[in-house]
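# A structural walkthrough
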Amino acid sequence: MTEAVPLSLCAREPRVPADRLVAEMVPPPRFDSVRFETYVPDPNQPSQAEAVTVLGSFAAGLGGAHATGSGRRRWFSRKPAAPAAPRGVYLDGGYGVGKTHLLASLWHATPAEPALKAFGTFVELTNLVGALGFQQTVATLSGHRLLCIDEFELDDPGDTVLVSTLLGRLVEAGVALAATSNTLPGKLGEGRFASADFLREIQGLSAHFRPLRIDGEDYRHRGLPEAPAPFSDEQVTRAAHATEGASLDGFPELLEHLARVHPSRYGALTDGVRAVCLTGVRPVPDQSTALRLVVLADRLYDREVPVLASGLPFDRLFGEEMLKGGYRKKYYRAISRLTALARDAKGLVAP
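Here's a quick rundown of the structure. Quantities reported herein were computed from a predicted structural model and do not represent experimental measurements. What you see as residue numbers is a count from 1 along each chain, following the sequence as written. Since the coordinates come from a predicted model, pLDDT governs what is reported: local features require at least 70, and pairs of side-chain atoms require 80 or more to be given and counted, while whole-chain, interface and lining totals use all residues. To get the side-chain values, all heavy atoms of the structure are used, and hydrogens and water are removed first.

### Some points on the overall build of the protein
Runs of E in the DSSP output that reach at least two residues are strands. Runs of H or I that reach at least four are helices, and both are numbered from the N terminus. For the protein, the count of helices and strands is 14 helices and 8 strands. A contact between two residues is defined here by any heavy atoms of the two lying within 4.5 Å. Taking the contacts inside the protein whose residues are at least 6 apart along the sequence as the reference set, 87% of them involve residues at least 24 apart. Carbon and sulfur atoms make up 51% of the accessible area of the protein, which totals about 16,100 Å². Using a 1.4 Å probe, accessible areas were evaluated by the Shrake-Rupley method; residue-level cover was limited to the displayed protein chains.

Quick look at the structure:
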C-alpha cells in the first residue's frame, strides 16, 4: 500500500480574505442538517420544548422586511429608532442541552437568504471586527436580518465595550439577535475581570436580549469526560502516513505555531485536513496558549476532524488552577470536544 505524505499544520500560514470571513458565518458542517424538528426535548425538562416553540415563533416573526421594531425601514429619518422591546433571544443553559442545535435551527428556519443571516461564535465575531475594522463590520452586518452568536462570553473589558457598542449599532439598524451561553446576560464577565467597572456596558448588552432558560443536566454534575487512552508516537505516525489528507505535528511545536497565526485563520489552517495527528501531547504551559488551543479545538469540532494523539490524554491538558479559574467553561468545552474527536480517530489505528 502506498503511504500518504502527511500534511503539517505548522507549515501552513493561511491568509484569509475578509470577504471569506463574512461568507463563512454560517452554521458549521456539524449543524448543517439540524432543524427544530430534529431536536428531541427531554420530557422531564419542559423548558426545552418551550424553547422550540418560542424560537419557532421568533423565526417566523423575522419574515418581514429588514427593519427596526416599526416593521419597515425608516427611509426619511437619519437614524432608526431603537425598538422598545428586546430584539433578541438569549439561550442560557448548561452543556449538553442542545443550545447550539437550537441556535442553528433558528438560523435555518429564519425566512431569509443565507447572505442575510450570520452565524458565528463570539470569538469569530470579535475576530471579524479585527479583520474588517469596527465601522466596516457595522456596515457589513447592518443589512442582515439575523445575527446568531454562539458561546457568548466576555473575557476582558475591551471585548465588553466592543461588543456592547457593536450590538447596539446593529439593533438600531434593525438586526435581530440570538445568542447562546452558560451565563445569563446580566452576569457576563463575572469571575474574569472587574465587571462592576463595566456595569453600564453589561447592562446595555442584557437589554438587547430576552433570556430563555433551557434546563438540563449540567456538565459540572457529570465531571470531566473520560478521554480515550492515547496511542504511542509510532502508532500515531504510522496512522498519519496511512491516512490520506492527515496532518502530523508535534504538539509543542503546534502550540508555538498557533501563537504566530491569528485565531481568525484557524479554520483556514485546517482546510482540506481529514485527520489531525499529534505526538507528545502535554499540559499547556500558560493561559494565552490554552485559549488559542480552545479556538483550534472549536474549529476542528465544527469541521468534524478526528484527532489522534500520543502523550497525555486530553482530560489532562489544563491544570487544576486553570479549571478553577475564570475561563474554566472554555476549557471544559475544549476537553469535551477534543475527547469526542479522539474517539472518532480510533479507527485510524490499524489493529
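### Here's the deal with helix H9 (residues 233–242)
Note on classification: 1.4 Å probe, protein chains only; a residue is buried when its accessible area is under 20% of the maximum for its type, exposed when over 50%, partly exposed between these limits. Within H9, the full set of buried residues consists of Val236, Ala239 and Ala240. Considered in projection along H9, the buried side chains sweep an arc of 100 degrees and stay on one side of the axis. Those residues of H9 hidden inside the fold are in contact with strand E6 (246–250), strand E7 (275–281) and strand E8 (307–311). What the arc covers is the set of directions going from the helix axis to the C-beta atoms.

### Some words on the pattern of salt bridges
For this analysis, a salt bridge means a side-chain nitrogen from Lys or Arg found within 4 Å of a carboxyl oxygen belonging to Asp or Glu. Applying the stated criterion to the full structure yields 12 salt bridges. A salt bridge links Arg20 to Glu24; its shortest N-O distance comes to 2.5 Å. With relative accessibility at 24%, the residue Arg20 sits in the partly exposed group. The class for Glu24 is partly exposed, based on a relative accessible area of 38%. Between Arg20 and Asp271 there is a salt bridge whose closest N-O contact spans 3.0 Å. Of this pair, Arg20 sits in helix H1 (residues 18–23) while Asp271 sits in the loop between helix H11 (266–269) and E7; the two residues are 251 residues apart in sequence, bridging distant segments of the chain. A single network of salt bridges, built from pairs that share partners, joins Glu151, Asp298, Arg333 and Arg337.

### Concerning helix H5 (residues 134–141)
Taken together, the buried positions of H5 are occupied by Phe134, Thr137, Val138 and Leu141. All buried residues of H5 lie within an arc of 100 degrees about the axis, which places them on one face of the element. Looking at H5, the residues exposed on the side facing more than 90 degrees away from the buried face are Gln135 and Ala139.

### Looking at the sheet that holds E6
The sheet built from 3 strands is open, its strands ordered E6-E7-E8 with parallel pairing. Looking at which strands have only one partner, the edges of the open sheet turn out to be E6 and E8. Across this sheet, the average inter-strand angle for adjacent strands is 15 degrees, counted without regard to direction. A strand pair is defined by DSSP finding two or more bridges across the two strands. Axis definition: a line fitted to C-alpha atoms, over the contacting stretch in the case of helices. Angles run 0 to 180 degrees between N-to-C directions.

### Some points on empty space enclosed by the protein
Cavities and pockets are defined on a 1 Å grid built over the protein atoms alone: a cavity is a set of grid points where a 1.4 Å probe fits but cannot escape, while a pocket is an open set with protein on both sides within 12 Å along at least five of seven lines, and lining residues are those with an atom within 4 Å of any such point. Grid points are joined across faces, edges and corners, and a volume is the space filled by probe spheres set on the points. By the definition in use, this model includes 2 cavities of 30 Å³ or more. Each pocket or cavity is described by its volume, and for the largest cavity that value is around 100 Å³. Along its surface, the largest cavity is lined by Pro228, Ala229, Pro230, Phe231, Val307, Leu308, Ala309, Leu312, Pro313, Phe314 and Ala342. If you tally residues by element for the lining of the largest cavity, the top one is E8, at 3 residues. Charged residues are taken to be Asp, Glu, Lys and Arg, nonpolar residues to be Ala, Val, Leu, Ile, Met, Phe, Trp, Tyr, Cys and Pro, and polar residues to be all remaining types, Gly included. Looking at the lining of the largest cavity residue by residue, the classes come out as 11 nonpolar, no polar and no charged. Quantified by volume, the second largest cavity comes out at close to 70 Å³. Taken together, Phe251, Leu254, Val276, Leu278, Leu293, Leu296, Ala297, Leu300, Val307, Phe314 and Leu338 make up the full set of residues lining the second largest cavity. Secondary structure elements with two or more residues in the lining of the second largest cavity: helix H10 (251–258), E7 and helix H12 (287–302). Per-element tally for the lining of the second largest cavity: the top contributor is H12, with 4 residues.

### Digging into the nonpolar core
Grouped together as the largest cluster of nonpolar side chains are 38 residues, with contacts concentrated most on Phe314 and Phe318. For this core, the secondary-structure elements that each account for two or more residues are H10, H11, E7, H12, E8, helix H13 (320–324) and helix H14 (328–344). Counting residues per element, this core draws most heavily on H12, at 8 residues. Ignoring anything within four residues of it in the chain, the contact list for Phe314 reads Ala227, Val281, Val307, Ala309, Ile335, Leu338, Thr339 and Ala342. Residues grouped as a nonpolar core are buried Ala, Val, Leu, Ile, Met, Phe, Trp, Tyr and Cys residues, joined through side-chain atoms within 4.5 Å. Counting 26 residues, the second-largest nonpolar core is a separate cluster that includes Val34, Leu62, Leu102 and Phe119.

### With respect to the environment of Pro29
As for its placement among the helices and strands, Pro29 is situated in the loop between H1 and helix H2 (46–60). Taking relative accessible area as the criterion, Pro29 reaches 43% and is therefore assigned partly exposed. Residues Pro29 and Tyr301, 272 residues apart in the sequence, show an inter-C-alpha distance of 9.5 Å. With near-sequence residues (within four places) excluded, Pro29 lies in contact with Asp302 and Arg303.

### A closer look at the side chain of Thr100
For Thr100, the location among the structural elements is in helix H3 (residues 99–109). Its relative accessible area of 15% is what places Thr100 among the buried residues. Residue contacts for Thr100: discarding those within four places in its chain leaves Phe31, Phe119 and Asp150.

### Comments concerning the packing of H2 against H3
Two measures define how a pair of helices packs: the angle their axes make with one another and the distance between the axes. Where H2 meets H3, the axes come as close as 9 Å, and the angle between the chain directions of the two elements is 30 degrees. Between H2 and H3, the interaxial angle falls into the category roughly parallel. In terms of crossing hand, the pair formed by H2 and H3 is right-handed. Contacts between H2 and H3 involve Ala51, Val52, Leu55, Phe58 and Ala59 from the former and Leu102, Leu106 and Ala109 from the latter. Put simply, angles under 35 degrees are roughly parallel, angles over 145 are roughly antiparallel, angles from 65 to 115 are roughly perpendicular, and the rest are oblique. By convention the crossing between two helices is left-handed if the near helix lies anticlockwise of the far one by an angle smaller than a right angle, and right-handed if it lies clockwise.

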